[in-house]
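# Structural description and commentary
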Amino acid sequence: MAASLEVEAISIMTGSDDLKTEDTEDESAEEPKYHLKTEDQDSEEDEPREPRIRETPEDIKLDAIVNTLAFHPKQDIFAAGDIDGDIYVYSYSCTEGESKELWSSGHHLKSCREVAFSHDGHKLFSVSKDKSVHLMDVEGGKLVTRIAKAHSVPINALLLVDENVLATGDDGGTLKVWDMRKGTSFMDLKHHDDYISGIAIDQAKRMLLTSSGDGTMGVFNIKRRRFELLSEFQSGDLTSVAIMKRGKKVVCGSSEGTMYIFNWNGFGATSDRFAVKAESVDCIVPITDSILCAASMDGVIRAINLLPNRVLGCIGQHVGEPIEQIARSRDSRFLASCAHDQMIKFWDISSLRDMTVSDYRKRKKKDGNLKSLSKKAYGVGDDFFSGLMEETEAKKEEKEEEEDEGESESDSD
């Protein structure tokens, strides 16, 4: 009897243990249900993020130093040539991640020094240190025409006069004007003693102007196919040339940081000169009739107003890197720049079109810092402390203006 009671007691105890085990298993089996994702969470993760819209296209890094840039006249496309002789064509966009390379070409044997699109945008012209002129198809990047020995020395400058006429200048000071339908030059003139750095033409496509390393500006009549005159010698190399003020003025940049201004039909001597506080004025691009952008060896891009002559401020910079070239987009919204840092950068210049400059000269800042004309200039928007400094400077200027106004009122009383 005692033995049977022990057996029953053992069975009862065993049964209770089995019940506990089943309960614990059920509890552990239900635990993961509390960690399952809800449908709302899944839908939030599945939704794609909208791409960020930037004020300017993203900067582009290449494998070599870029010498030259040019924007397409009708599409959001630009071309770039580097010191290895390669040419790249990119599409650009303010939508993040959408700027991309369309094609590249390695037809030049040496450094590509200048590129230019045709007016209809179907052709791309380029010149090189290898003395050749290339004509490529923009859509596919195929080489259409090659003039292998266009000059006897490396070519440095290029200007497209019209769809079939091309002007080129070389390191020896020779200017050639080409009929691309025949592949031959109908003007071959040497009147400069040093390299031709830039070429410009008037709206009537009659007078061709050249800037040279010998310190002179050349004037050529393309209609009569003859040389007209050289300007007087200026100090330093003339590095660039542009026509401003609705064709009434011609501006040349120089390696000395001075801008020389000529009257139209008064090319012999300068009518004015403007010393920019820069190491040089290597490349100039007109934005309006009075405002141009100038790039320098110090890596700074300045906006400059002509007559009255003012440095308006800084558009952007390649810190510590000499800038090779700048180019304006077809809608004048962006300026692109390339420098020795192998970067192609974009700057917002849309505000320049609405700027007006009065003859009244405001009090200069004591520190001499340039005013930032874009959010990317000098790290504005990225550098917290530079933002604080600018706010402080702005407040100082406001206070000074208020004091000046107060003084003028008291004087009138």
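Up top is the structure these notes are about.
These numbers were taken from a predicted model, which means no experiment stands behind them.

All told, the structure shown has 9 aromatic pairs when counted by the stated rule. The lysine or arginine in question, K376, covers the ring of W347, its NZ or CZ lying 4.8 Å from the ring centre.

Right, let's get into the sheet that holds strand β4 (residues 87-91). What the 4 strands build is an open sheet, ordered β2-β3-β4-β5; its pairing is antiparallel. Bordering the open sheet on either side are β2 (66-71) and β5 (100-105), each of which pairs with just one other strand. Between one strand axis and the next, the sheet turns by 20° as a mean value, whatever way the strands run. Pairing between β2 and strand β3 (residues 77-82): 5 bridges, direction antiparallel. Counted as the bridge partner of A70 is A79 from β3.

So, on to the sheet that holds strand β21 (residues 272-275). Reading across the sheet, the 4 strands line up as β18-β19-β20-β21 and stay open at both edges, with antiparallel pairing between neighbours. The strands lining the two open edges of the sheet, one partner per strand, are β18 (238-244) and β21. Between one strand and the next, the sheet's axes are offset by a mean angle of 20°, whatever the strand orientation. Pairing of strand β19 (residues 249-254) with strand β20 (residues 258-263) involves 4 bridges; the strand directions are antiparallel. Note that in β20 the partner of V251 across the bridge is I261.

Here we come to the pairing of strand β8 (residues 133-137). The element β8 is largely enclosed, with a buried count of 4 among its 5 residues. Judged from the 5 bridges that link them, strand β7 (residues 123-128) and β8 form a sheet pairing that is antiparallel. Paired with F125 across the bridge in β8 is L135. Hairpin connection between β7 and β8: a loop of 4 residues separates the two successive antiparallel strands, and K131 in this loop has a positive phi of roughly 75°. In this structure, β8 lies alongside strand β9 (residues 143-147), joined through 4 bridges in antiparallel fashion.

For the coordinates displayed, the defined rule picks out 10 salt bridges. Measuring nitrogen to oxygen at the nearest pair gives 3.8 Å for the salt bridge that ties D188 to K176. Here K176 lies in strand β12 (residues 174-179) and D188 lies in strand β13 (residues 184-190), a separation of 12 residues in the sequence. Look at K176 and you get buried, because its relative accessible area is 12%. Between D298 and R302 there is a salt bridge; the shortest N-O distance is 2.9 Å. Here D298 matches R302 in class, with each residue buried. Three or more residues joined by partner-sharing salt bridges are found here, namely R52, R54 and E96.

With that settled, consider the environment of I53. When you line up the elements, I53 lands in the loop between α2 (39-46) and β1 (60-61). The class of I53 is exposed, set by a relative accessible area of 59%. Each residue touching I53, except ones within four places of it in the same chain, is listed here: C94 and T95.

Calculation criteria
- Residues numbered from 1 in each chain as written.
- Predicted model: local features only at pLDDT ≥ 70, side-chain atom pairs only at ≥ 80, totals over all residues.
- Heavy atoms only, no water.
- Phe/Tyr/Trp six-rings, centres within 6.5 Å; stacked < 30°, edge-to-face > 60°.
- Lys NZ or Arg CZ within 6 Å of the ring centre and 35° of its normal.
- Pairing = 2+ DSSP bridges.
- Helix = DSSP H or I, 4+ residues; strand = E, 2+ residues; numbered from the N terminus.
- Axes fitted to C-alpha atoms, helices over the stretch in contact; angles between N-to-C directions.
- Buried < 20%, exposed > 50% of the residue type's maximum accessible area, 1.4 Å probe, protein only.
- Salt bridge = Lys/Arg side-chain N within 4 Å of Asp/Glu carboxyl O.
- Contact = heavy atoms within 4.5 Å.

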